[in-house]
Amino acid sequence: LPPSPVFFFQPFFHSKEQQKSNRDVQTMSLRPSNAPPIQDMPPPGGYKKLDFGRYLPDRGPKGWQLWAGASVLIMYGFYQVGKTNKRAIQQKMQERKVRYALGPLLQAEADREYMERELVALRKEAELMKGVMDEQGNPWKPGASPYIGGQWMPRRIGYFMRS
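1. Considering the overall build of the protein chain
Looking only at helices and strands, one finds 3 helices and 0 strands in the protein chain. The helix and strand sequence of the protein chain, counted from the amino end, reads α-α-α. When burial is assessed residue by residue, the protein chain has 3% of its 163 residues classed as buried. Intrachain contacts of the protein chain at a sequence separation of at least 6 include 40% that bridge at least 24 residues.

And the structure:
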């Protein structure tokens, strides 16, 4: 029988005769020949010698040189860090001195703002308490403390009460 053409779908189970005929047709390799094998060989007398020492430089600095160089770099880095830290400390000290010098001015400004708010509050209190008498029958005095005490304390005015 001639070999059957190969189709996309072939059955998984073939008869023994089909398997033998398929083996003969489907060989994919060449048969070995009787010719001697060919092998690349060096030229007679060998290859030319290369002088690697002439083309390659030394391997680099010696170990102690690497260690000394790294130590010098590290010391220089620490010196720079120390110099930067001293400069930062001086800068912070100058800023602190400026803040200390500005403290009284800022406190005076805060006191002025407090007095303005206090005057506004006293005016409102005088308007609201026009006809009110205190416990002794005297007219109400704006800003008078309802408590008996000799020391003056500023009123507690929260941040949210600023106008």
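2. Here we look at the pattern of salt bridges
This model, assessed by the stated rule, comprises 1 salt bridge. Of the charged contacts, one joins Arg112 and Glu116 as a salt bridge, the two residues approaching to 2.9 Å between their closest N and O atoms. In this pair, Arg112 and Glu116 are both assigned in helix α3 (residues 63–128), 4 residues apart and thus about one turn of the helix distant. Note on Glu116: relative accessible area 43%, which makes it partly exposed.

3. Digging into a nonpolar patch on the surface
Judged by side-chain polarity, Val98, Leu102, Leu105 and Leu106 come together as a nonpolar surface patch covering roughly 380 Å² of accessible area. Turning to its location among the elements, Val98 is positioned in helix α3.

4. A closer look at the confidence of the model for the protein chain
In this model, the protein chain carries an average pLDDT of 79, and 67% of its residues clear a pLDDT of 70 or more. The least confident element of the protein chain is helix α1 (residues 16–25), whose mean pLDDT is 56; the most confident is α3, at 94.

5. Quick look at the environment of Lys124
The residue Lys124 is located in helix α3 in this model. Take Lys124: its relative accessible area is 53%, and that puts it in the exposed class. Measuring from C-alpha to C-alpha, the distance between Lys124 and Pro142 comes to 8.9 Å, with 18 residues separating the pair along the chain.

6. What about α3?
For α3, with 66 residues, the first-to-last C-alpha span of 91 Å sits near the 98 Å given by 1.5 Å per residue. Of all the bends found along α3, the most pronounced is centred on Leu102 and spans about 40 degrees, while Pro104, a proline, follows it within four residues. What α3 keeps buried is the set Tyr114, Arg117, Glu118 and Glu125.

What counts as what
In this numbering scheme, every chain counts its residues from 1 along its sequence in written order. This being a predicted model, a pLDDT of at least 70 is required before a residue's local features are given, and a value of 80 or more before pairs of side-chain atoms are given or counted; all residues contribute to the totals for chains, interfaces and linings. Side-chain numbers here rest on the full set of heavy atoms in the structure, without hydrogens or water. Working definition: helices are DSSP H or I runs of at least four residues, strands are E runs of at least two. Numbering for both runs from the N terminus. Only protein chains enter the accessibility calculation, which uses a 1.4 Å probe. A residue is then buried if its area is under 20% of the maximum for its type, exposed if over 50%, and partly exposed in between. Note on definitions: a residue-residue contact is assigned when non-hydrogen atoms from the two residues lie within 4.5 Å. Here a salt bridge means any side-chain nitrogen of Lys or Arg lying within 4 Å of a carboxyl oxygen belonging to Asp or Glu. Grouping into patches uses exposed residues only, defined as over 30% relative accessible area, and leaves out salt-bridged ones; the cut-off is 9 Å for like charges and 5 Å for nonpolar side chains (Val, Leu, Ile, Met, Phe, Trp, Tyr). Reported accessibility uses the Shrake-Rupley method at a 1.4 Å probe radius. Residues are deemed covered only where the shown protein chains occlude them. The quantity called pLDDT is the predictor's confidence in a given residue, expressed from 0 to 100. One less than the number of residues in a helix, times 1.5 Å, gives the span that helix is expected to have. The seven residues ending at a residue and the seven starting there each receive a fitted axis; the angle between those axes is the bend at that residue.

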